[in-house]
Every structure is written in C-alpha cells, then in structure tokens.
Amino acid sequence: MRYIKLPSENFGEFFNSLRAWGKVYGPVKKGKVCSFQEVHGVEEVALDYKRTTLPPKKFFVRPRDAVLKLKNGRWENGVESEPFVLFGLHSCDIHGLKILDKVYLSEPADPYYKARRENATVIGISCIPDEYCFCKSLGTDFAMDGFDLFLHELPDGWLVRVGSVRGHEIAWENEGLFEEVTEGDLANFRAFEEKRAKSFGRKLNKEGLADMLDLAYNSPVWKKYADICLACGNCTMVCPTCRCYEVCDRWLNAYEGVRERRYDSCFMESHGLVAGGHNFRPTRLDRFRHRYYCKSYFDPSAGFNCVGCGRCDEFCPAKIEHVKVLDEVRGSLQ
Amino acid sequence: MSENPYLSYEARILEVKDLTPREKLFTLRFTDPEVGERFDFKPGQFVIVDVRGFGEFPISLCSPPTRKGYFQLCIRKAGRMTKFVHRMEEGDTVGIRGPYGNGFPMEKMEGSNLVLVAGGLGMAPLRSVLWYAIDSGKYEHIWLLYGTKAYEDILFRDEIVHLLRHGEAMNCSVKLAYEVESPSCIYLEEGFSQKVCRGVVTDLFRGEEFDVNKAYALICGPPVMYKFVVRELLNRKLSPGRIYMTLERRMRCGIGKCGHCIVGTSTSIKYVCRDGPVFTYWDALSTRGLI
Ligand SMILES: Cc1cc2nc3c(=O)[nH]c(=O)nc-3n(C[C@H](O)[C@H](O)[C@H](O)COP(=O)(O)OP(=O)(O)OC[C@H]3O[C@@H](n4cnc5c(N)ncnc54)[C@H](O)[C@@H]3O)c2cc1C
Ligand code: SF4
Ligand code: SF4
Ligand code: FES
C-alpha cells in the first residue's frame, strides 16, 4: 500500500479535482436521513455521516433498471455507463461491493454491473461507529482493497491510502496537493484506529455461527421473531449485500418496450412462488429464516454475506435486531 | 462490446403439437444457423424462453442432444406467458438463451443401468435422457417408471406405447402407473399387464430388481414425489450419490444473479439454476430445503 498525506487546507481543491473523473456522488444529509447524491462541492458532503439509507449498491444494481430496450420487435443491448466517482464510502460498504462482485462478476458476468463497476472510482473515508455497527466482529471494519483511495482522518488533514492504479493516477494529477507521511501522522492514524476499535458497542459472536444456525433450524426463536416481523422487506432493500431482482417487460408505446429489473425481496410471498401455485417458502417463518441463513452463509473464500453495517436494524420498523436474533437462535440450542 | 448474456437468440417454431389438453410440444430451430451449430446441451439442462415484450420463463430441453438441427420444448399452459406461447403457431419466433444448468452426468453413467422415475411433467427433461440413452447405446439397460394422473395426461403417449411394445429390443423397459381409471387405461393395462397398473409411481418398483452397484436413478416430478421415490430407492440400498433428481424453483436470470432460486442454510447455499437443476440425494442431505 502507498500512503500519502492530504493536508486540510488542500482538501477542497483535491475534492474539486475529482470531477475530472466523472460526476461525483457523496453522502448528503437531509434532516435525519443521509443518502448518496450528486455533489458539487465539499461543503455539500456530510463527512461524518453514519450510514446512508440505501447503500452504494444503488449505483451498480439500481432499484429500477431498464436493461434491454425493445425496438421494432428486437432487443437492443442496453449496456451504457459513464465514469463516476463515489466519494466517502465506509469500509463496510466497500466490503459489501466486494460481495456483490463475487456474484455479478462471476461467469457469465452481468454486463450492466460490470460496466458500472469499471466506470466507478471509489474513495473511502474513515468513520466512527454508532450503536448499530458491528462490522468489527465480521472483519469488515477495515478495507484492504476494493477502493482507489481511502481517506483516514487526522487532526490536520487526511492520511490517504492508495489502493489502485487509478488511485495512483488521481494522486499523480494532484501531486502538488499531497505531502509525504510523517511519523507523527502514522501515530495519529494509529491512535484514531485504536479509538475507533474501542467504540464498537455491538458484537456478533461468529464462532461456529454457520453450523450453530443450521443446527437450530427448528428453533422457536425464528417463530418468535417471524411473528413480530412486518414482512415489509426494508431490511433487504437497505442491505449492501442483498441483490435479488425481479424482471418485468413493459411497453412504452405500440412499438417500444423495456425489460426492467427491480429490487425484489425474499420477504415477499411471490419470491418462491412457481406455476401451479406451489410456494417453496410458503410461510413468513420460512421467509424470515431464509434471509438470516442467506446473510449468515459462510463462504470459505469470502466470509459471511453480512458486513455488519447496521442498516437492517436502523430501518426495521419492528425494531428487530440482527445480532440479537442470531444470538438468541444460538442460545436456544443449549 | 462484450456479449450480453441476457440477450436471447431468435428461434423459429417448426412445429407445434398438442400432447395433452394442457401441454404442447414445440419444435424449434435457431434462425441463425451459426447459433444453431454452436448450441449443444446435456439432458437435464434448460433454456430460458424469451417472449419479447412479455417476459421470460425457464423450460427444460426435452429432446435429446443426439438429434441435431432442432430442439424441443414441452410447455404446460401454467400462466400468463405460457398461455401466450400456446397461442403461437408454426413460423412464429421466440427468443432462446441457454442452455443453463448442469444437466445429468451422462458420461459418468455410461455402461450402467438407468432407472428413470418420472411424475407428470417431470417426463419432459427425462425424455431427453431416455432418447439420448437409447440413441447412444452406451447404457446397459434403461427403465422408465412413469406415473401420470389420467390417460389424457400421458405425455408423449405415442412414444410411450411404442416403447411398451418394442422397448426391450432397445434395452428399455417402460412401466406406467395411472391414478384415474378410464376405458383407455384399462385397455392399456390389458395389453401390457406386467407394465401398466393403477396406482402411483412408487408402485412400479414392485417386482423390479436393480443391481444397485450398477444402477443410477434419475428422478423428476412434482415436489411431493421425491421423498417417496427416494425412500423406495434407499430401501434397495442405492447410494445417495447415485440418486439424481432435477428440481424446479422460481427462476428469473438462469445464471446465478437474481437470487430467486437460492436454497439452503448457513452451511450450504445452492443456486438451483447454476449448481442444479440436477442434484444428487447426497446434495439434498447436505443442503436443507432442496427437497
Ligand atoms: C429448470 C426449470 C425447468 C422447467 N421446465 C419446464 C418444462 O419443461 N415444461 C413446462 O411446462 N414448465 C417447465 N418449468 C416451469 C415453467 O417455467 C413455468 O410453468 C412458467 O414459468 C410459468 O410461466 P407463466 O408466465 O406462464 O406463468 P405466470 O403467469 O408468470 O405465473 C404463473 C405461475 O407460475 C409461476 N412462475 C413464474 N415464473 C416461474 C418460473 N420461472 N418457474 C416456475 N414457476 C414460475 C408464478 O409464480 C405463478 O405462480 C420449468 C421450470 C424450471 C425452473
Ligand atoms: S444484514 Fe444488516 S447489518 Fe448485515 S450487511 Fe445487511 S443490512 Fe448490513
Ligand atoms: S425490516 Fe424488520 S419488519 Fe421489515 S421485513 Fe425486515 S425484519 Fe421484518
Ligand atoms: S434463476 Fe436467478 S439466481 Fe437462479
């Protein structure tokens, strides 16, 4: 990894220079909610935000996406994408993108996702957890790759980790704005990380979790929570690793149509419904449990399907807590 | 521009045949001969049929890959899109993408006995296996145990009757079980007393001895069927690794992206479209929810 320093006084200029790499999107606060929006100056960006409602997946897997266009009875390849910059991603969201990569870039790659991914410049930013975060338990609290630049807050600027060739090019173009990293900067970086590590309130016990959950398939805890759950699907919409989509053809006029993809949720009754009315997950209990199994699936090469961002907890109207459910299910085994 | 895996290739309907009141057999050929040339598949694989402007749905290939120049789909009228396709005629075109899924391991099973167990529409993918096995002549003996509701529901009735009559000459024994009695069924039963009976598909196992060290079972049918058939096979000590079954799930993409066909729990997650639709009974033992 290459480390450089961006002093506070150069931050604005550095930020403005990013526009050379495409439209810039960053976390913007409106009232209590925060979301990734197009930004034109650093003053619009909420540098100390906790989490956005929709994770950055919305730039790659869009909530609604007209993928193919039908003209005169023929599909037209709808893959088009322009360069853009995602500024201010937290480490957990970068890990979320890496999990999506596993799915969407594996053969055969999804061409829409791939084009957008290649066009995206990702700039990470350090954060301090709030009461919902448990990324530390999952090892997603620090990103080792998956970004072009990562900015770590220092008392007098930013320690920048350069994570890719493109990141290197950006630094190059702005050579005059950066300085060498000093011993003092490294000490400050370390102090920040230590402080951050201590401020996690929530912890997931992932020791043997996959097996424990599998063994607890019939645990009454699933039912207890499935009864409270409203099946609204919020938790899946906001999850950086949930990515089920539904497809639907729509006519625009007598000659033109589109094939549209949109977010689907395994909480919807139609998710597992097939012809003849047979449903492979007929009850809310089945669907509730399925999401936890999907999130807690342990892939030996990629880890869990949850990055501990805390969104599902913050945006659950029934106040169901992810870690608590898992702990209780595990507890019900003994 | 790289190829878009979601784009289908145009195929022309060469023939439409009524199989039952609900199912039609479509014979298709790609309009672009080059695409047709490249299109190869294994029994048990499926394609996604694209009715441009209406949607897509998965359908098993039901003809054997040994018959070149065309492929066949047996489509049941089950809803909006399949109803639309049922109104199509010779000369109409649809989009086809695929083949998808893993298919049956035909090469691995060469030299063995195949026990095909079909229930209802499950006959469609197994017909591909059946004719592939007969055409290639690489299998010692083939049993087809086919359970159907009523005489009118027998898929590929002409072929079945033909095999009831002449199957042994092709190393193929066919047995049929029906649930609803009718004059036609009784007539069949009288004609083939050892091979046709009233009952369910598991009744057809009675009196059949398979050398379990030389046999593979290939099952396809409605979800309820698997448990009973598997029990029958396990009773005969057929290894879970020699029992293959093809499963259905809701599918959209067919290539492991849309998430609809995911089954399993925290220790094992499978995509039916990509890891299947053919699984062994061992897979089912290690992945909850598969059957
Ligand atoms: C691997 C595989 C192989 C199949 N092979 C055959 C075959 O050889 N012959 C055949 O007739 N049918 C087959 N099917 C089932 C066929 O895909 C459905 O009957 C078809 O999708 C129904 O579409 P529809 O638009 O007519 O129904 P819709 O109007 O969309 O809906 C009717 C019902 O079908 C369900 N449905 C929608 N999409 C699917 C889907 N992708 N899979 C299953 N059900 C769905 C809906 O939930 C609804 O309950 C197969 C399915 C799979 C997954
Ligand atoms: S399951 Fe919850 S905490 Fe885990 S990644 Fe998804 S939204 Fe974040
Ligand atoms: S957000 Fe909460 S209430 Fe809504 S589906 Fe998820 S767990 Fe259930
Ligand atoms: S059908 Fe989309 S993931 Fe299997």
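Structure first, text after, so check above.
Note that residues are indexed from 1 along each chain, following the sequence as it is written. Each chain gets a letter, beginning with A, and each ligand a number, beginning with 1, in the order they are written. The predicted origin of the model limits local features to residues at a pLDDT of at least 70 and limits the giving and counting of side-chain atom pairs to 80 or more, whereas totals for whole chains, interfaces and linings rest on all residues. By convention in this description, side-chain values take in all heavy atoms of the structure and omit both hydrogens and water.

**As for the packing of aromatic side chains**
Here the aromatic set is Phe, Tyr and Trp, taking the six-membered ring for Trp, and pairing holds for ring centres within 6.5 Å; pairs whose planes are under 30 degrees apart are stacked, those over 60 apart are edge-to-face, and all others are tilted. Under the defined criterion, the tally for this structure stands at 30 aromatic pairs over all chains. Between Phe15(A) and Phe87(A), the ring centres sit 4.9 Å apart and the planes meet at 85°, which makes this aromatic pair edge-to-face. Of this pair, Phe15(A) sits in helix H1 (residues 11–17) while Phe87(A) sits in strand S6 (residues 84–89), and the two are 72 residues apart along the sequence. Taking the relative accessible area as the measure of exposure, Phe15(A) reaches 2% and is therefore buried. On the basis of an interplanar angle of 20° and a centroid distance of 4.9 Å, the ring pair of Tyr104(A) and Tyr113(A) is categorised as stacked. An identical accessibility class is assigned to Tyr104(A) and Tyr113(A); each is buried. A network of ring pairs unites the aromatic residues Tyr25(A), Phe36(A), Tyr49(A), Phe59(A), Phe60(A), Phe84(A), Tyr104(A) and Tyr113(A) as a single cluster. The side chain of Arg117(A) reaches across the aromatic face of Phe60(A), ending 5.4 Å from its centre. Over the ring of Tyr6(B) we find Arg261(A), and its NZ or CZ is 5.2 Å from the ring centre. Helix numbering and strand numbering both begin at the N terminus, where a helix is a DSSP run of H or I of at least 4 residues and a strand a DSSP run of E of at least 2. Burial here depends on accessible area, computed with a 1.4 Å probe over protein chains only, as a share of the maximum for the residue type. Under 20% is buried, over 50% is exposed, and the range in between is partly exposed. Cation placement over rings: the criterion is NZ of Lys or CZ of Arg within 6 Å of the ring centroid and within 35° of the ring normal.

**Focus: the sheet that holds strand S3 (residues 33–38) of chain A**
Sheet strands line up and pair through hydrogen bonds in the backbone, either parallel or antiparallel. All names here are of chain A. Here, a strand pair is defined by DSSP locating no fewer than two bridges between the strands. Strand order in the open sheet made by the 7 strands is S1-S9-S8-S7-S6-S2-S3, with mixed pairing throughout. Single-partner strands in this sheet number two, and they are strand S1 (2–7) and S3. Taken over all neighbouring pairs, the strand axes of this sheet differ in orientation by 25° on average, direction set aside. Where strand S2 (residues 23–30) lies against S6, 3 bridges are found, and the strand directions are parallel. Paired with tyrosine 25 across the bridge in S6 is leucine 86. Helix H2 (residues 91–104) rests against S3, S6, strand S7 (120–125) and strand S8 (149–154) of the sheet, and its axis sits at about 130° to S6. Contacts: residue pairs with any heavy atoms within 4.5 Å of one another. For every element, the axis is a line fit to its C-alpha atoms; helices are fit only across the contacting stretch, and the angle between N-to-C directions ranges from 0 to 180 degrees. Strand contacts of helix H3 (residues 111–119): S6 and S7, with the helix running at about 60° to S7, the strand carrying the most contacts.

**Points about the site of ligand 3**
Near residues are defined by distance, with any heavy atom within 4 Å of the molecule or strand qualifying the residue. The immediate surroundings of ligand 3 are formed by Cys229(A), Leu230(A), Ala231(A), Cys232(A), Gly233(A), Asn234(A), Cys235(A), Phe267(A), Cys316(A), Pro317(A), Ala318(A) and Ile320(A). Polar here means any residue other than Ala, Val, Leu, Ile, Met, Phe, Trp, Tyr, Cys and Pro, which are nonpolar, and Asp, Glu, Lys and Arg, which are charged; Gly is therefore polar. In terms of residue class, the shell around ligand 3 is made up of 10 nonpolar, 2 polar and no charged.

**Some points on the side chain of Arg249(B)**
Positionally, Arg249(B) belongs in the loop between strand S12 (243–246) and strand S13 (262–265). Neither His nor the chain termini are counted; the positive set is Lys and Arg, and the negative set is Asp and Glu. By definition here, a salt bridge exists when the distance from a side-chain nitrogen of Lys or Arg to a carboxyl oxygen of Asp or Glu is within 4 Å. One buried charge, Arg249(B), has no salt-bridge partner; the nearest side chain with opposite charge is Glu248(B), at 7.8 Å. Under the rule applied, a polar contact is a pair of N or O atoms within 3.5 Å (in protein, one hydrogen donor and one hydrogen acceptor; residues adjacent in sequence only if both atoms are side-chain atoms). A polar side-chain atom of Arg249(B) sits 3.2 Å from the main-chain carbonyl oxygen of Leu290(B). Look past the residues within four positions of Arg249(B) in its chain and what remains in contact with it is Val274(A), Phe280(A), Cys261(B), Val263(B), Val272(B), Gly289(B) and Leu290(B).

**Re the interface of chain B and chain A**
If you look at the interface, chain B gives 37 residues, while chain A gives 45 residues. Across the interface of chain B and chain A, roughly 3,500 Å² is buried in total on both sides, 54% from carbon and sulfur atoms. Throughout, buried area stands for the accessible area (probe radius 1.4 Å) lost by two parts on being put together, summed over both. The three residues of chain B that bury the most area against chain A are Arg250(B), Lys257(B) and Ser266(B), which together make up 20% of that side's buried surface. There are 6 salt bridges connecting chain B and chain A. Arg259(A) serves as the salt-bridge partner of Asp50(B), at 2.5 Å between the closest nitrogen and oxygen. For the interface between chain B and chain A, the tally reads 28 residue pairs in polar contact (both at pLDDT 80 or more). Going through the elements one at a time, strand S3 (46–51), strand S4 (55–60), S13 and strand S14 (268–271) of chain B are the ones with two or more residues in the side of chain B that touches chain A.

**Quick word on the nonpolar core**
With 140 residues, the main nonpolar core has Phe14(A), Phe87(A), Leu114(B), Leu130(B), Leu218(B) and Ile219(B) as its most contacted residues. The element best represented in this core is helix H3 (residues 123–136) of chain B, accounting for 9 residues. Every residue in contact with Leu218(B), bar those within four places of it in the chain, is listed here: Phe104(B), Met109(B), Leu114(B), Val115(B), Leu116(B), Val117(B), Leu126(B), Val129(B) and Tyr244(B). Of all hydrophobic cores here, the second largest spans 28 residues; its members include Phe134(A), Trp222(A), Cys312(A) and Ala318(A). Residues belong to one nonpolar core when they are buried, are Ala, Val, Leu, Ile, Met, Phe, Trp, Tyr or Cys, and are joined through side-chain atoms within 4.5 Å.

**As for the site of ligand 2**
Residue and element names in this part refer to chain A. In the vicinity of ligand 2 there are 13 residues, among which Cys239, Cys306, Val307, Cys309 and Cys312 approach most closely. Looking at the shell around ligand 2, the elements with two or more residues in it are helix H10 (284–295) and helix H11 (311–314). Of the residues in the shell around ligand 2, the class split is 7 nonpolar, 3 polar and 3 charged.

**Remarks on the pairing of strand S2 (residues 23–30) of chain B**
Residues and elements named next belong to chain B. Burial analysis of S2 places 7 of its 8 residues in the buried class, the great majority of the element. In this sheet, S2 lies alongside strand S1 (residues 9–18) in antiparallel orientation, the contact comprising 7 bridges. Across the sheet, residue lysine 17 finds its bridge partner in S2, namely leucine 25. Two successive antiparallel strands, S1 and S2, enclose a turn made up of 4 residues. Taken together, the 6 bridges between S2 and strand S5 (residues 71–76) define a ladder with antiparallel strand orientation. Bridge pairing links phenylalanine 26 to leucine 73 in S5.

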